[in-house]
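Next come the chains, spelled out residue by residue.
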Amino acid sequence: MKPVVQVSHLNKRFRLPLDKSTTLKYRVTHWRSTSRYRDLLALRNVSFDIPEGQFLGIAGPNGCGKSTLLKILCRIYEATSGSAVVNGEFSAFLELGVGFNPELTARENIFLGGAVLGLTRAQLRGKIDEVLAFAELEDFAEQKLKNFSSGMQVRLAFTVAILARTDLLIMDEVLAVGDASFQAKCFDVFNNYKREGKTIVLVSHDLGALEEYCDRVLLLNHGQVIADGPAADVTSAYHRMIAEHSMVTAQEQTAVAVVRDVPGSESKAVEVMSVGLLDARGQTARGFDTGDSMTLDIRLLARRDVGDFVCGMAIRSADGFLVAGTNTLLDHVTVPSDRPGGTISIRYTIDALPLLAGGYIVQVSAHDVADTTMYDFSDPAASFHVNNSGGHVGVLEMRGGWRVEREGDVPAGSAARTS
């Protein structure tokens, strides 16, 4: 059976002008300078196949060629060389607002988007209510699209894109704007596609989601495929790449215990053997909800007696942002290594996880009390995904209370709180 997508030695080059010619007069009077360009190679010798029924994720930093690759698959761009073949019909969600008219209402844009997918007005007329309900826009059917928020537009565009039930669904950052409940709807659709043997290509910066839902992930950097394999392996490789490029401040070094080259370093005197994540029942888990209990189960091997030492941990978001970090020294906990060759078990429990929906990585380190010798540093030591944040946005859940009063009223005895 033929793969649904076949990409072979694909290259894409853009020509970027070196001069800004904004008028015809400038172009005529500076004809030599306006003919100068530089080449930008957006994709370099990219090759891969996607078999039927596979959920493929594509990850990588901004500017690595992810969107360019999808546009070539969708026949929006032509390849400079090589080939990209899609065997079958496809539906795509590439950019917010593409294929829609901001001056038309939501209802009219459903007809417009459906026509682009090859659906007739009769077919669409019977699906209007279903589309508006899925997109949670029943009360805004007659409102013009230009008055919609970006989240409302994403919901409408995604719902229209899945109307055609094609062989291949191509999604570019559909999860970047939608809230947690809509993201859950998206993945329900993806799971239905997989059960029907359909193929999905998803570009996302949410590595936790890619690891949890994708069968396979491609990692792009500077237009090249630098990793291709099982989702967990590739997302770990991306975490390592992010860590290598992140600059860590001196304050972070104290709390998180990051790696440094120190003369006389006793490398691997203490080694991080394993790091597991446990839920409230003590079971191994990779997915949590905001407010859940999460325990880091850290196993260290003391190869030599180095006296008391420090174990540090940090949590970073999928894009490398430091969320929080601590260590045993800061928390006044002593970790001895008086039994060389023995395993040391350390657990750190977060009673109520304050993180909102997204993917996160855990870093673990071991260093001496004086913070001059690094014994070991595991990055990433583990990764996990927070699924449900109750509609809140950002990285951390805000825990406070609201109080509403009117002048002249007696203050209420209680106030609504968020927890």
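Located above this text is the structure these notes cover.
Conventions and cut-offs
- Residues numbered from 1 in each chain as written.
- Predicted model: local features only at pLDDT ≥ 70, side-chain atom pairs only at ≥ 80, totals over all residues.
- Heavy atoms only, no water.
- Pairing = 2+ DSSP bridges.
- Helix = DSSP H or I, 4+ residues; strand = E, 2+ residues; numbered from the N terminus.
- Axes fitted to C-alpha atoms, helices over the stretch in contact; angles between N-to-C directions.
- Contact = heavy atoms within 4.5 Å.
- Core = buried A, V, L, I, M, F, W, Y, C linked by side-chain atoms within 4.5 Å.
- Buried < 20%, exposed > 50% of the residue type's maximum accessible area, 1.4 Å probe, protein only.
- Salt bridge = Lys/Arg side-chain N within 4 Å of Asp/Glu carboxyl O.

**Focus on the sheet that holds strand β4 (residues 81-86)**
Okay, so step 1: A sheet is described by the order of its strands in space; here three strands give the open sequence β2-β1-β4, paired in antiparallel fashion. The sheet terminates laterally at β2 (37-50) and β4, the two strands that pair on one side only. The sheet shows a mean angle of 30 degrees between the axes of neighbouring strands, taken without regard to direction.
Okay, so step 2: Sheet topology note: the strand β1 (residues 5-17)/β4 ladder contains five bridges and is antiparallel. Each residue of the ladder has a partner; that of V5, found in β4, is V86.
Okay, so step 3: Along the sheet face, helix α2 (residues 66-73) touches β1, β2 and β4 and points at about 115 degrees away from the line of β1.

**Examining the nonpolar core**
Okay, so step 1: Counting residues in each nonpolar core, the largest one holds 49 residues, and the members touching the most others are L156, F158, M171 and F190.
Okay, so step 2: Of the residues forming this core, the biggest block, seven residues, is contributed by helix α6 (residues 150-161).
Okay, so step 3: Aside from chain neighbours lying at most four places away, what touches L156 is F100, A106, I110, V131, A135, L137 and L145.
Okay, so step 4: Counting 32 residues, the second largest nonpolar core, distinct from the first, contains I298, F309, C311 and V335.

**A short note on α2**
Okay, so step 1: Along α2, seven of the eight residues are buried, which leaves the element largely enclosed by surrounding structure.
Okay, so step 2: Considered for burial, the residues of α2 that qualify are K66, T68, L69, L70, K71, I72 and L73.
Okay, so step 3: The first or second residue beyond α2 is R75, which carries a positive phi of 65 degrees.

**Some details on the sheet that holds strand β14 (residues 322-327)**
The strands making up a sheet associate through backbone hydrogen bonding, with each pair oriented either parallel or antiparallel.
Okay, so step 1: Taken in spatial order, the five strands make up an open sheet running β11-β17-β16-β13-β14, and their pairing is mixed. Across the chains shown, the open sheet's two edge strands, defined by having one partner strand only, are β11 (287-288) and β14.

**Describing the pattern of salt bridges**
Pairing is possible between side chains that carry opposite charge, provided their charged atoms lie close to one another.
Okay, so step 1: A full pass over the atoms with the stated rule returns 12 salt bridges.
Okay, so step 2: Where D228 meets R216, a salt bridge forms, and the shortest distance between an N and an O atom there is 2.8 Å. Within this pair, whereas D228 is found in strand β9 (residues 224-229), its partner R216 is found in strand β8 (residues 216-221), the two being separated by 12 residues in sequence.
Okay, so step 3: Under the relative-accessibility criterion, D228 is labelled partly exposed at 41%.
Okay, so step 4: Notably, a salt bridge pairs D297 with R299, separated by 3.2 Å at the nearest N-O pair.
Okay, so step 5: Given a relative accessible area of 11%, D297 falls into the buried group.
Okay, so step 6: Of the residues examined, R299 reaches a relative accessible area of 33% and is grouped as partly exposed.
Okay, so step 7: The structure contains a network of salt bridges with shared partners spanning E103, K144 and K146.

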